[in-house]
Amino acid sequence: MAMTMTQKILAAHAGLPQVTAGQLITVPTDMVLGNDITTPVAIREFRRCGREHVFDREKIAIVLDHFTPNKDIKAAEQCKVSREFAREMGIVNFFDVGQMGIEHALLPEKGLVKAGDIVIGADSHTCTYGALNAFSTGVGSTDMGCAMALGRTWLKVPSAIKVELTGALRPHVSGKDLILHLIGEIGVDGALYQSLEFVGDGVASLSMDDRFAICNMAIEAGAKNGIFPADEKTKAYLAAHARESGTFFAPDPDAEYTRTVHIDLDKLDFTVAFPHLPGNAHVVREISEKIAIQQCIIGSCTNGRLEDIKAAAEILRGRKVAKGVRAIVIPATQKIYLEAIEKGYVQALVKAGCAVSTPTCGPCLGGHMGILASGEAAISTTNRNFVGRMGHVDSKVYLASPAVAAASAVKGYIASPEDL
């Protein structure tokens, strides 16, 4: 029977010749991920399993990134629990302040995910690693705790939506515009418990950073995971970061999909998601009024990579952030931060009037480093714009690409690079 990319990966791990949508299976995990919010709960569940040791101290990653550097006493205590557990269990892939990054940018950078892997993480945006032709998905802390003990998890095999890409992106238009457009087209529940499988000639035009951003937000359409086939860009990335490339999986030509969505990248335009859903997508050039912003956030597990920092720096270089706008830039990892300094991006951003932060999830979840007050609006490269997501329940968050966010910071209202 024909299978999708996701189904092939799940079948291989389950030791089955084939799997079908809706089938319940148990699979071994190649990486189990937690952060400073979810790990303490998972540790409690791990203890309840009665195990004295984790299943494999090299196949667990704990990244302290959400409320770090610690914003308050509670955050400090959460991190302390995670540090002590990592030390007790000898967790090899433990990343703390000074060595950490935002988890979904850090793991690929460190080569901890390879093609064909199954990765589960107690964070909904774990679906990021589908960019590497892996199956990755978010789970609850209970599942994380059990997986740390047993090295396996259970899954229901998802059906799939084919997203067929043709053409190539125009200058400054990015993977973030693509995923916002897609969610706007199919809705925030349009791919509920399905795999979003990106295929077609247009895939070749997308950078790896584009693909990470696209898979990262698959969950915002309700998807179980997002995934790309492996091509030369995938293989080059894995060769540069991972100890081994893994096993590559392609969909069968006659694989069954619940629907097919066609996107012509040549026609894709700058897109913004209005409050209060990622699916509330609007093309910037079609916005009829000037929507003022008080804050601009460039960073997060979606758009804090080097290409993102570069895009913002190129637009802001020689310009100034508009009066009344707070522009905050957060490189996703220490390596990205250092490269951004070496390439002059940070200098350009600071001269333009941006605050540049150490890696942290910070404002994305309303944690710290950029909380909104009542009535304020932010344009942000993060992944969610729910009510109160970045602060006060009467604030608003508009989701956009780094290029659009940077252009908006210069203008003081939502704008695209073409408006400068």
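Residues numbered from 1 in each chain as written. Predicted model: local features only at pLDDT ≥ 70, side-chain atom pairs only at ≥ 80, totals over all residues. Heavy atoms only, no water.

- With an unreviewed UniProt entry as reference, the chain is termed 3-isopropylmalate dehydratase large subunit, source organism Guopingia tenuis.
- Listed under Pathway (unreviewed entry) in UniProt, the entry text for the chain is "Amino-acid biosynthesis; L-leucine biosynthesis; L-leucine from 3-methyl-2-oxobutanoate: step 2/4."
- Note on the chain: under the UniProt heading Function (unreviewed entry), the record states "Catalyzes the isomerization between 2-isopropylmalate and 3-isopropylmalate, via the formation of 2-isopropylmaleate." (UniProt positions renumbered as here; feature names shortened; annotations may be inferred.)

### Concerning the packing of aromatic side chains
- Evaluated as defined, the whole model comprises 4 aromatic pairs.
- Each ring, one from Phe 274 and one from Tyr 398, has its centre 5.1 Å from the other, and the planes form 80°; the classification is edge-to-face. On the criterion of sequence distance, the pair formed by Phe 274 in the loop between β12 (271–273) and β13 (281–283) and Tyr 398 in strand β18 (residues 396–399) is long-range, its members being 124 residues apart. The same class applies to Phe 274 and to Tyr 398, which are both buried.
- Against the face of Tyr 193 rests Lys 156, its NZ or CZ located 4.8 Å from the ring centre.
- Taking NZ or CZ as reference, Lys 235 lies 5.2 Å from the ring centre of Phe 248, over its face. (Phe/Tyr/Trp six-rings, centres within 6.5 Å; stacked < 30°, edge-to-face > 60°. Helix = DSSP H or I, 4+ residues; strand = E, 2+ residues; numbered from the N terminus. Buried < 20%, exposed > 50% of the residue type's maximum accessible area, 1.4 Å probe, protein only. Lys NZ or Arg CZ within 6 Å of the ring centre and 35° of its normal.)

### Regarding the pattern of salt bridges
- Overall, the coordinates contain 16 salt bridges when judged by the stated rule.
- The closest approach of N and O atoms between Glu 376 and Arg 326, which form a salt bridge, is 3.0 Å. Taken together, the residues span a long stretch of sequence, with Glu 376 in the loop between β16 (355–356) and β17 (377–380) and Arg 326 in strand β15 (residues 326–329) at a distance of 50 residues.
- Under the relative-accessibility criterion, Glu 376 is labelled buried at 16%.
- Residues participating in the shared-partner salt-bridge network are Arg 170, Asp 269, Arg 285 and Glu 418. (Salt bridge = Lys/Arg side-chain N within 4 Å of Asp/Glu carboxyl O.)

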